[in-house]
Amino acid sequence: MAKVVVKKLGGPNSGVRGNAVTEKRVRDSSSGQFVTVRTIDAKSQTFGQDITYVFSKNVAKARRDNKAVTGVVDRAPAKA
């Protein structure tokens, strides 16, 4: 029989990256739209967690954009 462990993943600070990851909204020069730019402190003690956090945010945005264009998250839009 398997042992079942029930535990809450992530505490009250889950998703909070502190000072290591900073977000800034800047205007894209080509389209004029605002974009979010995330930067990571290279000397952070939690660099691995920070880069995983930023990567997951970028993947989630790409999936949202693909779903808006194609209706499916796994397919990239056709090039024109």
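Residues numbered from 1 in each chain as written. Predicted model: local features only at pLDDT ≥ 70, side-chain atom pairs only at ≥ 80, totals over all residues. Heavy atoms only, no water.

S.K.: A description of the overall build of the chain should follow, citing residues and the corresponding values.
M.R.: Counting its secondary structure elements, the chain contains one helix and two strands. Listed N to C, the secondary structure of the chain is β-β-α in terms of helices and strands. Here the chain, with 80 residues, has 9% of them falling under the buried criterion. The contacts in the chain between residues at least 6 apart in sequence include a share of 20% that link residues at least 24 apart. Looking at the chain as shown, the accessible area adds up to about 7,200 Å², and 54% of this sits on carbon and sulfur atoms. (Helix = DSSP H or I, 4+ residues; strand = E, 2+ residues; numbered from the N terminus. Buried < 20%, exposed > 50% of the residue type's maximum accessible area, 1.4 Å probe, protein only. Contact = heavy atoms within 4.5 Å. Areas by Shrake-Rupley, 256 points an atom, 1.4 Å probe, with all protein chains shown as cover.)

S.K.: Can you tell me about the pairing of strand β1 (residues 21-27), naming the residues and giving the values?
M.R.: Two strands pair when backbone bridges link them, and β1 and strand β2 (residues 34-40) are joined in this way by seven bridges, in the antiparallel orientation. Along β2, the bridge assignment pairs arginine 25 with threonine 36. Taking the residues that link successive antiparallel strands as the turn, the β1-β2 hairpin has six residues, and the phi of glycine 32 there is positive, at about 85°. (Pairing = 2+ DSSP bridges.)

S.K.: Describe the pattern of salt bridges, naming the residues involved and giving the relevant values.
M.R.: Scanning all chains against the criterion turns up two salt bridges. The salt bridge partner of aspartate 65 is lysine 61, with a shortest N-O separation of 2.8 Å. Taken as a pair, aspartate 65 and lysine 61 lie in helix α1 (residues 47-70) at a separation of four residues, close to a single helical turn. (Salt bridge = Lys/Arg side-chain N within 4 Å of Asp/Glu carboxyl O.)

S.K.: Give a description of the environment of arginine 38 that names residues and reports values.
M.R.: Residue placement: arginine 38 occurs in strand β2. You can call arginine 38 partly exposed: its relative accessible area is 24%. It is 9.5 Å that separates the C-alpha atoms of arginine 38 and asparagine 58, two residues lying 20 residues apart in sequence. Of the polar contacts made by the side chain of arginine 38, one reaches the side chain of glutamate 23; its length is 3.2 Å. (Polar contact = N/O pair within 3.5 Å; in protein donor to acceptor, adjacent residues only side chain to side chain.)

S.K.: Could you give an account of α1, naming the residues involved and the relevant values?
M.R.: Look at α1: 34 Å from first C-alpha to last across 24 residues, which is about the 34 Å you get at 1.5 Å a residue. Lining the buried residues of α1 we find β1 and β2. Trailing α1 by a residue or two, glycine 71 shows a phi angle of about 90°, which is positive. (Expected span 1.5 Å × (residues − 1).)

So yeah, pure geometry; function would need other evidence.
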